[in-house]
Amino acid sequence: MRTWSGACQVAAVYIGTVIGAGFATGREIVQFFSQFGLYGLLTIMISGLLFIFLGAKMMTKAIDLQAPSFQEFNTFLFGRSLGMGVTVIQFCMLIGVTGVMLSGTGALFEERWDVSANTGIVVTMAAGFLVVQKGVKGLLAVNVFVVPLMLLFHFVLAAEAAAGSYFWQSLFTGGEGLEPWKLWVAPFSYTALNLTLAQAVLVPLAYEIKDKRVIKRGAFLGGAILTLLMLASHVSLLQIGDISRYEIPMAKVVEQLMPAFHYIYVFLIYGEIFTSVVGNAYGLKQQLESHVNWSPAVLLSLIFGAGFLLSQISYSTLLGFLYPLFGMISLLFLLLLWKK
């Protein structure tokens, strides 16, 4: 694998794995950053640096450990006994987030295309099944296709926001009355949540590639672009008042700033969610294969079946409850990764 072309593919998978339903709709950025107004810019930079350096550290260490799945990496961080418990919790987290993503696709099909939610979920599972069956090649292909389109859209939207007459006023306001500890915990909680979940994809990806130069450059590119994406989303979201009251705040931004591109945005939301669905399913499959001698088709059927059951709970309920909880649990993972 050529170093820079390989690094770009690793970066695409990194970005595509981190960015899912919560980021695409704007809910994650509002919850962890934009509610703090101007101070959100600083905390985004902190989160971006963590993505760059700890993402690279996790993947290069996976190569050193020759870890084919996240269980071996957890054993390294937590020890054998505690590592097994963490792996079980993480496995449940990944199933839960897969349910969130599938629920998000169902909500999208129902609200935007007037198709039943379960039809959208089944279509997504079927497409995900085919992609994950292709292994790392399928994972790379779908991310290399979706991620550049997503980058272009978010940067164009941010440019439209910056051209607005109230841009600077909105950028330098907000965040009043919020507790300071929430501001400073947010970037660590957000990064911890996403790195813990991305571990399921990035550890076996690094194991397959086995080239530290490719991995380090891919982590740098991925982390840097994630930072720019978070900044672009943040400055766009600040353009609407009382941002926390919207279920899909980014859709409101698009409606205000680029109404002609509203339907393109809906397709991109789906693409962003889909990359996370296939990433989670791939990581879960890799983990299960180390314990049971079942065919990939059977394992994927079980994974998507569990995700389907969870997806019957409403998207906003799942996102609002599971993500903050997982973020706090993941802080221990982040701390240990930092120290090792």
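To be clear, the structure that these remarks concern was listed above.
Residues numbered from 1 in each chain as written. Predicted model: local features only at pLDDT ≥ 70, side-chain atom pairs only at ≥ 80, totals over all residues. Heavy atoms only, no water.

Asks: Teacher, can you tell me more about the pattern of salt bridges here?
Replies: In a structure, side chains of opposite charge can pair up when their charged atoms sit close to one another. Tallying each qualifying case throughout the model produces three salt bridges. The salt bridge involving Lys-212 is made with Asp-64; its shortest N-O contact spans 2.6 Å. Of this pair, Lys-212 sits in helix 11 (residues 212–237) while Asp-64 sits in helix 4 (residues 39–65), placing them 148 residues apart in sequence. When its relative accessible area of 45% is taken as the criterion, Asp-64 is described as partly exposed. We note a salt bridge from Lys-285 to Glu-289, for which the minimum N-O separation is 3.4 Å. Of this pair, Lys-285 and Glu-289 both sit in helix 13 (residues 262–289), four residues apart, which is roughly one turn of the helix. A residue is classified by how much of its surface remains accessible, and Lys-285, at 7% relative accessible area, is buried. In this structure Glu-289 comes out as partly exposed when scored by relative accessible area, which is 32%. (Salt bridge = Lys/Arg side-chain N within 4 Å of Asp/Glu carboxyl O. Helix = DSSP H or I, 4+ residues; strand = E, 2+ residues; numbered from the N terminus. Buried < 20%, exposed > 50% of the residue type's maximum accessible area, 1.4 Å probe, protein only.)

Asks: Quick question: what am I supposed to make of the environment of Ala-56 here?
Replies: By the element assignment, Ala-56 lies in helix 4. Along the primary structure Ala-56 and Ala-163 are separated by 107 residues, whereas in three dimensions their C-alpha atoms are 35 Å apart. Setting aside chain neighbours within four positions, we find Ala-56 in contact with Phe-51 and Ala-219. (Contact = heavy atoms within 4.5 Å.)

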